[in-house]
Amino acid sequence: MCKMAGQKTFTLSQVAQHRSKKDCWFVINGRVLDVTKFLDEHPAGGEVLVEVAGKDATREFSNIGHSKEAQNLLLKYQVGVLQGHAFNEADKYASFVESKHKEMSAFVIKDDDKMPKYQAFLEFVLPLVFTGFYFGYRYL
Ligand code: HEM
């Protein structure tokens, strides 16, 4: 479950107040999007977007079979989340954000960590030395 911390919450009736060419919002997978500035850039034109303005357009969006690029692009227009929407692992757009976050923290841990050499000594060299001593003591 992803709580999408820091995001504004909107009800569907609040989203429904933005359904014109000059102020166009809709919801996709629980994300509230303000696509007003995207209308002219949408490859299929702004008209189709205005048609679903103020509504939950999740089904329309996925019926088209939008590319990965399009799915990532919609994150750019997110202004909040829909009230009551449960984000979970199955939500691929949420997991896109999470996986990026995981990659980053893994990178930071690696970069910051001075342990590996020390750890290698404890985990590999030390048991080897003890084993050497043991066999030396036992058979020599
Ligand atoms: C913020 C939301 C959206 C974004 C960022 C977006 C982006 C895109 C992009 C990049 C394409 C080019 C093809 C691709 O890469 O998949 C596309 C095509 C298209 N989109 Fe969207 N789109 C959005 C919402 C919608 C919605 C809500 C509808 C329908 C109501 C829609 C209908 C279409 C259609 C009909 C095409 C043309 C598909 C084709 O030529 O095969 N889009 N969109």
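Computed from a predicted model, the values in this text were never measured in an experiment.

Participant: Which parts of the structure should I look at to understand the overall build of the protein chain?
Facilitator: Each helix and strand in the protein chain was counted, giving 6 helices and 5 strands. Written out in order from the N terminus, the α and β elements of the protein chain read β-α-β-β-β-α-α-α-β-α-α. Taking all 140 residues of the protein chain together, the buried fraction comes to 16%. Sequence-distant contacts in the protein chain: of pairs separated by 6 or more residues, those separated by 24 or more amount to 72%.

Participant: For this particular structure, what's the right way to read the pairing of strand β3 (residues 23-28)?
Facilitator: Remark: a regular strand shows side chains that alternate across the two faces of the sheet. Burial analysis of β3 places 5 of its 6 residues in the buried class, the great majority of the element. Of the strand pairs in this sheet, strand β2 (residues 19-20) and β3 are connected by 2 bridges, and their pairing is antiparallel. Across the sheet, residue S20 finds its bridge partner in β3, namely D23. The turn linking β2 back onto β3 is made up of 2 residues. Taken together, the 4 bridges between β3 and strand β4 (residues 31-34) define a ladder with antiparallel strand orientation. Within β4, the residue paired with I28 across the bridge is R31.

Participant: I would appreciate a short explanation of the pairing of β4 in the present structure.
Facilitator: Joining the antiparallel neighbours β3 and β4 is a turn of 2 residues, in which N29 adopts a positive phi near 50°. The sheet contact formed by β4 and strand β5 (residues 78-82) spans 3 bridges and is antiparallel. Residue pairing across strands places R31 opposite V81, the latter belonging to β5.

Participant: Would you mind going over the site of the ligand with me for this structure?
Facilitator: Near the ligand lie 20 residues; those nearest to it are A44, E60, S67, A70 and L74. At the level of elements, α2 (47-51), α3 (58-64) and α4 (68-73) are the ones that each hand at least two residues to the shell around the ligand. For the shell around the ligand, the residue count by class is 15 nonpolar, 3 polar and 2 charged.

Participant: Which parts of the structure should I look at to understand the nonpolar core?
Facilitator: When a protein is soluble and globular, its nonpolar side chains tend to lie buried together. The biggest cluster of nonpolar side chains holds 14 residues, and the ones touching the most others in it are W25, F26, V27, I28, V32 and L33. Those elements that provide at least two residues to this core are β3 and β4. Per-element tally for this core: the top contributor is β3, with 5 residues. Apart from residues no more than four positions distant in its own chain, W25 is found in contact with V15, H18, V32, L33, D34, A53 and G54.

What counts, and at which threshold
- Residues numbered from 1 in each chain as written.
- Predicted model: local features only at pLDDT ≥ 70, side-chain atom pairs only at ≥ 80, totals over all residues.
- Helix = DSSP H or I, 4+ residues; strand = E, 2+ residues; numbered from the N terminus.
- Buried ≥ 20, exposed ≤ 12 C-beta atoms within 10 Å, placed from the backbone.
- Contact = placed C-beta atoms within 7 Å.
- Pairing = 2+ DSSP bridges.
- Near = placed C-beta within 6 Å.
- Nonpolar A, V, L, I, M, F, W, Y, C, P; charged D, E, K, R; others polar.
- Core = buried A, V, L, I, M, F, W, Y, C linked by C-beta atoms within 7 Å.

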